[in-house]
Amino acid sequence: MDEVIMKSSNIMYIFDFDGTLFGQEEWLGVIKNWKSCFKSGPYINPGNFDIRWSILTGRPLIDKPLLWLCCSINGLFPEVILTANTWRFPFKNNEEKFSWKTTILKAILRNNNKIINNKLNRNIEKVIYIDNDINTINYINGKQNGYEIIAITVSDFVTKKFNFIL
């Protein structure tokens, strides 16, 4: 019997954007990366799995309209798109970006992220973060500190190799 993806109002599925849904992980510059996003992807449509899902990306706030456009044109409709709350790329290195993502995921679970919790109007108890960057996944999984967070690859998501952990 095929396993199904866990569905519950208290589970939030969050996908990375660059290299996971669209484009590439490596940053080559604003123009090159946007061209790549509109040219490459979507690699997966989370909506096909009948789940509620959102996006968490380290891109700056100024990219949010283009993120919505890229998704909408390709038939992807996330509940929420979370970006860095700055107009320019704020991270000096990958570890800062990984740490920021981990902080956001924990804030969602602590019910401290009013943007998400007011928009979704539900209490989130578990977060599954999907990203194709192994370094991001390893960092987040190593910094859970008792929070109900798991970071997995798209492959693990599609093959449902994470349900046993939930």
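Here goes a summary of the coordinates provided. The shown structure was predicted, so the numbers you read here are calculated from the model rather than taken from an experiment.

Cut-offs used in this document
- Residues numbered from 1 in each chain as written.
- Predicted model: local features only at pLDDT ≥ 70, side-chain atom pairs only at ≥ 80, totals over all residues.
- Heavy atoms only, no water.
- Buried < 20%, exposed > 50% of the residue type's maximum accessible area, 1.4 Å probe, protein only.
- Helix = DSSP H or I, 4+ residues; strand = E, 2+ residues; numbered from the N terminus.
- Pairing = 2+ DSSP bridges.
- Right-handed = clockwise from strand over helix to strand, strands pointing away.
- Expected span 1.5 Å × (residues − 1).
- Polar contact = N/O pair within 3.5 Å; in protein donor to acceptor, adjacent residues only side chain to side chain.
- Phe/Tyr/Trp six-rings, centres within 6.5 Å; stacked < 30°, edge-to-face > 60°.
- Core = buried A, V, L, I, M, F, W, Y, C linked by side-chain atoms within 4.5 Å.
- Salt bridge = Lys/Arg side-chain N within 4 Å of Asp/Glu carboxyl O.

## A word on the pairing of strand β2 (residues 53-56)
No. 1: Side chains W53 and I55 of β2 all project onto a buried face; the interleaved residues S54 and L56 project onto the opposite face, where all are buried too.
No. 2: With 2 bridges connecting them, β2 and strand β3 (residues 81-82) associate as parallel partners. Bridge pairing in β3 places I55 opposite I81.
No. 3: A crossover links β2 with its parallel partner β3, the connecting element being helix α2 (residues 64-73), and its sense is right-handed.

## Here we look at helix α3 (residues 94-109)
No. 1: Relative to the 22 Å expected for 16 residues at 1.5 Å per residue, α3 spans 23 Å between its end C-alpha atoms, a close match to the ideal helical length.
No. 2: Buried within α3 are the following residues: K97, F98, W100, K101, T102, I104, L105, K106, A107, I108 and L109.
No. 3: Between a side-chain oxygen at the N-terminus of α3 and the backbone nitrogen of E95 the separation is 3.1 Å; the capping residue is N93.

## Let's talk about the packing of aromatic side chains
No. 1: Scanning all chains against the criterion turns up 7 aromatic pairs.
No. 2: Ring geometry for F15 versus F157: centroids 5.3 Å apart, planes at 85°, classification edge-to-face. Of this pair, F15 sits in strand β1 (residues 11-15) while F157 sits in helix α6 (residues 154-159), and the two are 142 residues apart along the sequence.
No. 3: A residue is classified by how much of its surface remains accessible, and F15, at 0% relative accessible area, is buried.
No. 4: Residue classification places F157 among the buried positions, given a relative accessible area of 0%.

## Structural notes on the nonpolar core
No. 1: Residues Y13, F17 and L21 are the most contacted members of the largest nonpolar core, which totals 23 residues.
No. 2: Of all the secondary-structure elements, those providing two or more residues to this core are β1, α1 (30-39), β2, α2, β4 (126-130), β5 (149-152) and α6.
No. 3: One finds M12, W100, I108 and I149 within the second-largest nonpolar core, a separate group that totals 19 residues.

## Topic: the pattern of salt bridges
No. 1: Evaluation of the coordinates by the stated rule reveals 4 salt bridges.
No. 2: Salt-bridge contacts for D16 lead to K101; the nearest nitrogen and oxygen are separated by 3.0 Å. Within this pair, whereas D16 is found in the loop between β1 and α1, its partner K101 is found in helix α3, the two being separated by 85 residues in sequence.
No. 3: With its nearest N and O atoms 3.0 Å apart, the salt bridge here joins D63 to R59.
No. 4: Salt bridges sharing partners connect three or more residues here, namely D16, K101 and D131.

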